[in-house]
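Chains, contacts and geometry: an overview
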Amino acid sequence: MGEKQYLLDKTLETWKGKRVAIAVSNEHSFTGILEDFDEEVILLRDVVDIAGNKAKELIVKIDDLNWIMLL
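Thresholds, definitions, all that
Residues numbered from 1 in each chain as written. Predicted model: local features only at pLDDT ≥ 70, side-chain atom pairs only at ≥ 80, totals over all residues. Heavy atoms only, no water. Helix = DSSP H or I, 4+ residues; strand = E, 2+ residues; numbered from the N terminus. Rg over C-alpha atoms; globule rule 2.2 N^0.38 Å. Buried < 20%, exposed > 50% of the residue type's maximum accessible area, 1.4 Å probe, protein only. Contact = heavy atoms within 4.5 Å.

As recorded in an unreviewed UniProt entry, the protein chain goes by LSM domain-containing protein and comes from Thermococcus indicus.

Concerning the overall build of the protein chain
Within the protein chain, the secondary structure is distributed over 1 helix and 5 strands. Reading the protein chain from its N terminus to its C terminus gives the helix and strand order α-β-β-β-β-β. The C-alpha radius of gyration computed for the protein chain amounts to 11 Å, which stays within 12% of the reference 11 Å derived for 71 residues, consistent with globular compactness. Overall, the C-alpha framework of the protein chain stretches about 35 × 25 × 20 Å when taken along its three principal axes. Within the span of the protein chain, comprising 71 residues, buried residues form 25% of the whole. Across the protein chain, the fraction of contacts at a sequence separation of at least 24, relative to all contacts at a separation of at least 6, is 35%.

Next up, the structure:
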């Protein structure tokens, strides 16, 4: 798992400040700017969900993510 975590950390570090899309628990999709992350959570700002609802920030547990992609 250590090597996979390293790849995740390396990738997320290069994506900081860029717009990403995420799927949470196979139920909800969001887009936002990747503000920060640690080994447990990611923080997005200027968030929009699939229905068009907007939020200033969103914190998501990394374990709850199904996927994340750079837009």
